[in-house]
Amino acid sequence: MRHEDLPPQRHPRLTRRGRLALLFGTLLGLGAAVLIPLLPGEKAPEKPRQLLIPEGRRAPQVYAAVDSALKLPAGSTKSAVATAGLALPPEAKGNPEGYLFPATYPVTSKSTPASVLAYMVRTANEKLATKVVADGAKAHGMTPYQTATLASIIEAEADTRADMGKVARVVHNRLAKSMPLQMDSTINYALNRNTVDTRLSETKIDSPFNTYERQGLPPTPIDSPGLEAMAAAVAPTPGDWLFFVTVKPGDTRFSATYEEHKKHVAEFNRLRAQAGATRAEAGPPGRQETRPPGRDADPAP
């Protein structure tokens, strides 16, 4: 096609502000890389603040963090849950525990508890729907909600990220053998606390989260699991372990037999006794009738 046959071209017209910006940019030798100044009366875009939700936080902790980030009275976010229309699975029965995905979220003056919670739940649903997690869950016959519940236990129980796959394997092996999970993290959740000590008497409490007295997974997640815990839940490390105990920070021992497990528990008790003696010399005595922290050290499997 000849040039003279081409249809006429329409050229975009610069506004007065754009012409001035281009003129000043040319004079300064900046070309197109020019900062356009705000006109009188215009406001600079609001810079979002960052709301960090770490892995393992429980719903009440997340609610408090949102209240603080949005500068709202305590309890505002918790009260918003019922009317927020969150995209939760039917099994959740409106409880977002386990679906307030840990991440860093942008918040502004226009953010509301409902909008922030919806963002968290939407992110959790997306992570649970990734191919690795979704396919792995199906292979184990788990629903997304069960995956979130199992992942929340792994998040609470694993002493290190490297231990997550092994903790997941212990849970899967126990479920396969119809053994109670016997996880101290679920006792802590039932009692609304965080501690490394669980009394023997506390393993007898009447609660649906008492995984010593009840078989299977607890009725809901117990915290906000991250993607690593989700991945471990659906792809556990191969092994025949049924027990584990964290003898000391960074040293978790996994066992296939109760006899082996008892040896590791004895090591835990020895180190704990030494630490207790040191504390006794310095002040208050150590607590009595305690079990190894969150690591299935009951007197019988």
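Just so we're clear, the structure is a prediction, and the values are computed from it rather than from any experiment.

Caption draft 1: Layout of the overall build of the protein. Helices and strands together make up the secondary structure of the protein, namely 10 helices and 6 strands. Considering only contacts in the protein between residues 6 or more positions apart, those separated by 24 or more positions represent 66%. For the protein, the exposed area adds up to about 16900 Å²; of that, 58% sits on carbon and sulfur atoms.

Caption draft 2: Region of interest: the packing of aromatic side chains. Under the definition given, this model contains 6 aromatic pairs. Between Tyr99 and Tyr145 the ring centres are 6.0 Å apart and the planes differ by 20°, which places this aromatic pair in the stacked class. Of this pair, Tyr99 sits in the loop between α3 (76-80) and β2 (104-107) while Tyr145 sits in helix α6 (residues 144-157); the two residues are 46 residues apart in sequence, bridging distant segments of the chain. For Tyr99, a relative accessible area of 1% translates into the label buried. Counting every residue linked through ring pairs, the aromatic cluster contains Trp241, Phe244 and Phe254.

Caption draft 3: View of the pattern of salt bridges. Applying the stated rule across the entire model yields 9 salt bridges. Two residues, Glu202 and Arg193, come together in a salt bridge whose shortest N-O distance is 2.8 Å. The exposure class assigned to Arg193 is buried, which follows from its relative accessible area of 19%. The shortest N-O distance in the salt bridge between Glu259 and Lys262 comes to 3.3 Å. Within this pair, Glu259 and its partner Lys262 are both found in helix α10 (residues 258-282), separated by 3 residues, close to a single helical turn. In this structure Glu259 comes out as exposed when scored by relative accessible area, which is 51%.

Caption draft 4: Up close: the packing of α6 against helix α9 (residues 227-234). Relative orientation of the contacting elements α6 and α9 amounts to 110°, with a least axis distance of 8 Å. Taken as axis vectors, α6 and α9 run roughly perpendicular relative to one another. The chirality of how α6 crosses α9 is right-handed. Along the contact surface, α6 presents Thr147, Leu150, Ala151, Ile154 and Glu155, while α9 presents Ala229, Met230, Ala232, Ala233 and Val234. Classifying every residue of the contact of α6 with α9 by side-chain character gives 8 nonpolar, 1 polar and 1 charged.

Caption draft 5: Local environment of α9. Along α9, the residues classified as buried are Ala229, Met230, Ala232, Ala233 and Val234. On its buried face, α9 sits against α4 (113-128), α5 (131-139), α6 and α7 (164-176).

Caption draft 6: Broad picture of unusual backbone geometry. Backbone geometry at Lys71 places phi at a positive 60°, although glycine is not the residue there. Mapped onto the elements of the fold, Lys71 is located in the loop between α2 (59-69) and α3. Under the relative-accessibility criterion, Lys71 is labelled exposed at 65%. A positive phi angle, near 55°, is found at Ser178, a position not held by glycine. The class of Ser178 is partly exposed, set by a relative accessible area of 46%.

Reading the values: rules and limits
- Here the residue index of a chain counts from 1 through its sequence in written order.
- Local features are withheld for residues below a pLDDT of 70 in this predicted model, meaning they are given only at 70 or higher, and side-chain atom pairs are given and counted only at 80 or more; totals for whole chains, interfaces and linings count all residues.
- Values reported for side chains reflect all heavy atoms of the structure, with hydrogen atoms and water molecules removed beforehand.
- Each helix corresponds to a stretch of at least 4 residues labelled H or I by DSSP, and each strand to a stretch of at least 2 residues labelled E; elements are numbered beginning at the N terminus.
- Should any heavy atoms of two residues lie within 4.5 Å, those residues are considered in contact.
- The Shrake-Rupley method, run with a 1.4 Å probe, gives the accessible areas here. Residue values count only the displayed protein chains as cover.
- Each pair of aromatic rings taken from Phe, Tyr and Trp, with Trp reduced to its six-membered ring, is defined by centres within 6.5 Å and is described as stacked if the planes are under 30 degrees apart, edge-to-face if over 60, and tilted in the remaining cases.
- Exposed residues in this analysis have more than 50% of their type's maximum accessible area, buried residues have under 20%, and partly exposed residues fall in between, with area computed by a 1.4 Å probe over protein chains only.
- Only one rule defines a salt bridge in this text: a Lys or Arg side-chain nitrogen within 4 Å of an Asp or Glu carboxyl oxygen.
- For helices, the axis comes from a line fit to the C-alpha atoms of the stretch in contact; other axes are also lines fit to C-alpha atoms, and the angle between any two N-to-C directions lies between 0 and 180 degrees.
- By definition in this entry, angles of less than 35 degrees are roughly parallel, angles greater than 145 are roughly antiparallel, angles of 65 to 115 are roughly perpendicular, and the rest are oblique.
- Each crossing gets its hand from how the near helix is turned against the far one by less than a right angle, where anticlockwise is left-handed and clockwise is right-handed.
- For this classification, the nonpolar set comprises Ala, Val, Leu, Ile, Met, Phe, Trp, Tyr, Cys and Pro, the charged set comprises Asp, Glu, Lys and Arg, and every other residue, Gly included, is treated as polar.

Nothing here speaks to function; it is all geometry.
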